[in-house]
Amino acid sequence: MTRQEIALVTGSSTGIGFETSIALARNGFHTYASMRNIGNGRSNHIVNVARKENLPLQVIHLDVDNDKSVLDAINRIKREKGRIDIVINNAGYALVGPFEETSMEEIKAQFETNLFGTIRIMQAVIPIMREQRRGTIVNITSLGGRVALPLDSIYHGTKFALEGISESVKYEVDPFGIKIILVEPGAVGSNFWKNLKLAKTSSSDSDNSHYIQLTNNMSESFKQMEQNTIHPSEVASVILLAVMTDDPAFRYQVGKDAVMLLETRRNLSDRDFENFIKKQFNL
Ligand SMILES: NC(=O)c1ccc[n+]([C@@H]2O[C@H](COP(=O)([O-])OP(=O)(O)OC[C@H]3O[C@@H](n4cnc5c(N)ncnc54)[C@H](OP(=O)(O)O)[C@@H]3O)[C@@H](O)[C@H]2O)c1
């Protein structure tokens, strides 16, 4: 690198965001590891690693749900460094529950973080990158942004939407030297599983849920998925590779499960894929 590049990562407190911030800093990017909660020791771990290794990493506050928080963080980076080269839109969580029994409030909150949060960041950094005539935005979607399983409809909605938006915006910003990249992990062993939000209506009144059988089946499958995860650092390595490559691909799958399921999806008709999923998950 001739000039030190400036990177921003959202959701750096744990998991993929944590590992990606460290990987970028270890590779010479001045990295703003952002998180929505800096107090209560949430940032200690990343700060300690950065100090020990003398990494160019600083923690900043950024809640992707909040307009002011996003603008404050991005303005601060612009003020301090004069530019933003790389943005990793990673912050997110999964809402789980039968579609019918999920409240609008929960649905809006899920879209607020996973989709509108990413849109907010993109709209704030694109003008900066456009002026620079250079920049890379990596959106962490998911295998769940390409194929859908039951009880995850709203999460899939956010990730499918982000895939579509990214695919469209890519053409708009390409003439200004801005790259958009999608990273689609399969199951990753992070706090994601602990942070899953169960739709309240069905979880508080589970005996009366109309989807109890399906929920029981799927919770077994989710447990198995959770036991067959890759380490978040594997996702970080792919992100690093994507941002350091001159001519990156648009989509990167991470994990054998993601590669294999998408391969299966490509090779089957809608009907055959539906039957495959039903068989796979005992539906
Ligand atoms: N793990 C998987 O199996 C998997 C698979 C495919 C895709 N993904 C995607 O990968 C991304 C990272 O997830 P992960 O696996 O690393 O899970 P994770 O360990 O739970 O990390 C999620 C991060 O997002 C942050 N976050 C949540 N809401 C936020 C908000 N409003 N503003 C700022 N930060 C917020 C969390 O902060 P707090 O610590 O404050 O909660 C945390 O730092 C997500 O977009 C997820 O959908 C994960």
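Residues numbered from 1 in each chain as written. Predicted model: local features only at pLDDT ≥ 70, side-chain atom pairs only at ≥ 80, totals over all residues. Heavy atoms only, no water.

## Quick look at the environment of His30
Item 1. With respect to the helices and strands, His30 occurs in strand β2 (residues 30-35).
Item 2. Judged by its relative accessible area of 10%, His30 falls in the buried class.
Item 3. Separated by 204 residues in sequence, His30 and Glu234 place their C-alpha atoms 21 Å apart.
Item 4. Excluding anything up to four places from it in sequence, His30 contacts Gln4, Glu5, Ile6, Ala7, Pro56, Gln58 and Lys81. (Helix = DSSP H or I, 4+ residues; strand = E, 2+ residues; numbered from the N terminus. Buried < 20%, exposed > 50% of the residue type's maximum accessible area, 1.4 Å probe, protein only. Contact = heavy atoms within 4.5 Å.)

## Let's talk about the site of the ligand
Item 1. In the vicinity of the ligand lie 30 residues, with Ser13, Arg42, Asn90, Tyr155 and Ser190 positioned nearest.
Item 2. The contact in question runs from an oxygen atom of the ligand to an N or O atom on the side chain of Arg42, over 2.4 Å.
Item 3. Contacts to the ligand include Asn191, whose backbone N or O atom sits 3.1 Å from an oxygen atom.
Item 4. Protein coverage of the free-state accessible area of the ligand, which is 900 Å², stands at 96%.
Item 5. If you list the elements that add at least two residues to the shell around the ligand, you get α1 (15-26) and α5 (153-173).
Item 6. Across the shell around the ligand, the residue classes tally to 11 nonpolar, 14 polar and 5 charged. (Near = heavy atom within 4 Å. Polar contact = N/O pair within 3.5 Å; in protein donor to acceptor, adjacent residues only side chain to side chain. Areas by Shrake-Rupley, 256 points an atom, 1.4 Å probe, with all protein chains shown as cover. Nonpolar A, V, L, I, M, F, W, Y, C, P; charged D, E, K, R; others polar.)

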